[in-house]
Amino acid sequence: MRYGSTAQPDVLSTRYSFGLNLQSKQPNESYYYLPITRSENLDEWLELSNTSSSQIAVTIRSYNKAGSLYYNKTHKFAPKAQRHIAVSSLIPESNSGYVELVSSQSGSLFAS
């Protein structure tokens, strides 16, 4: 589990901004499909990690439930890099759908 906190460095946290469940499994695909939802009072995030020792490119596409494309962009990830992507940048408010993630190197992308 990864937690985000509003505490200052070297101060014990008593409140958390988010909790993210990171499943313990080795990435073994070059693509993922994950459900996403954007509601008024909820911030949802994608956690993406490059588990390899080389740079990868990850194409992120988001769609609504009807299959309309909202977002299509390729991001470069340095070796062992990770990135948090706000769902609010991928789909309009009060919508749900899914995100498609395609990695340039099979077995190198962890997504949740």
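Residues numbered from 1 in each chain as written. Predicted model: local features only at pLDDT ≥ 70, side-chain atom pairs only at ≥ 80, totals over all residues. Heavy atoms only, no water.

(A) Structural context of the pairing of strand β5 (residues 56–64). Buried residues dominate β5, accounting for seven of its nine residues. Direction of pairing for β5 relative to strand β6 (residues 69–77): antiparallel, over a ladder of eight bridges. When the sheet's bridge partners are listed, S62 is paired in β6 with Y71. The hairpin turn running from β5 into β6, its antiparallel successor, is four residues long, and G67 in that turn takes a positive phi close to 95°. Across seven bridges, the pairing between β5 and strand β8 (residues 95–103) is antiparallel. (Buried < 20%, exposed > 50% of the residue type's maximum accessible area, 1.4 Å probe, protein only. Helix = DSSP H or I, 4+ residues; strand = E, 2+ residues; numbered from the N terminus. Pairing = 2+ DSSP bridges.)

(B) Structural view of the nonpolar core. One finds I36, L46, L48, I60, L90, V99 and L101 to be the most contacted residues of the largest nonpolar core, which totals 18 residues. Breaking this core down by element, the ones donating at least two residues are β3 (31–38), β4 (45–50), β5, β6, β8 and β9 (109–111). Ignoring any residue separated from it by four or fewer positions in sequence, one finds I36 in contact with E44, L46, S62, V87, L90, I91, S96, G97, Y98 and V99. (Core = buried A, V, L, I, M, F, W, Y, C linked by side-chain atoms within 4.5 Å. Contact = heavy atoms within 4.5 Å.)

(C) Representation of the environment of Y71 in the model. The residue Y71 is located in strand β6 in this model. Y71 sits in the buried class, given a relative accessible area of 17%. Distance from Y71 to T59, taken between C-alpha atoms, is 10.0 Å for residues twelve residues apart in sequence. Leave out the neighbours within four places in its chain, and Y71 touches I60, R61, S62, S89 and L90. A distance of 3.0 Å separates a polar atom in the side chain of Y71 from a polar atom in the side chain of H75. (Polar contact = N/O pair within 3.5 Å; in protein donor to acceptor, adjacent residues only side chain to side chain.)

(D) Region of the structure containing the sheet that holds β5. As summarised here, the arrangement of the four strands in space is β3-β8-β5-β6, forming an open sheet in which the pairing is antiparallel. Only two strands of the sheet have a single partner each, and these edge strands are β3 and β6. Adjacent strand axes in the sheet meet at a mean angle of 20° when their direction is disregarded. (Axes fitted to C-alpha atoms, helices over the stretch in contact; angles between N-to-C directions.)

(E) View of the packing of aromatic side chains. Summed over all chains, the structure comprises three aromatic pairs. Each ring, one from Y33 and one from Y98, has its centre 6.4 Å from the other, and the planes form 55°; the classification is tilted. Linking Y33 in strand β3 with Y98 in strand β8, this pair joins segments that are 65 residues apart in sequence. Note on Y98: relative accessible area 30%, which makes it partly exposed. Connected via pairs of aromatic rings, a cluster forms that spans Y31, Y33, Y63 and Y98. (Phe/Tyr/Trp six-rings, centres within 6.5 Å; stacked < 30°, edge-to-face > 60°.)

(F) Examining the environment of S49 more closely. Turning to its location among the elements, S49 is positioned in strand β4. According to the relative accessible area criterion, S49 is buried, its value standing at 12%. Each C-alpha atom of the pair S49 and S112 lies 9.2 Å from the other, and the pair is 63 residues apart in sequence. Residues within four places of S49 in sequence aside, it is in contact with A81, Q82, S108, L109 and F110.

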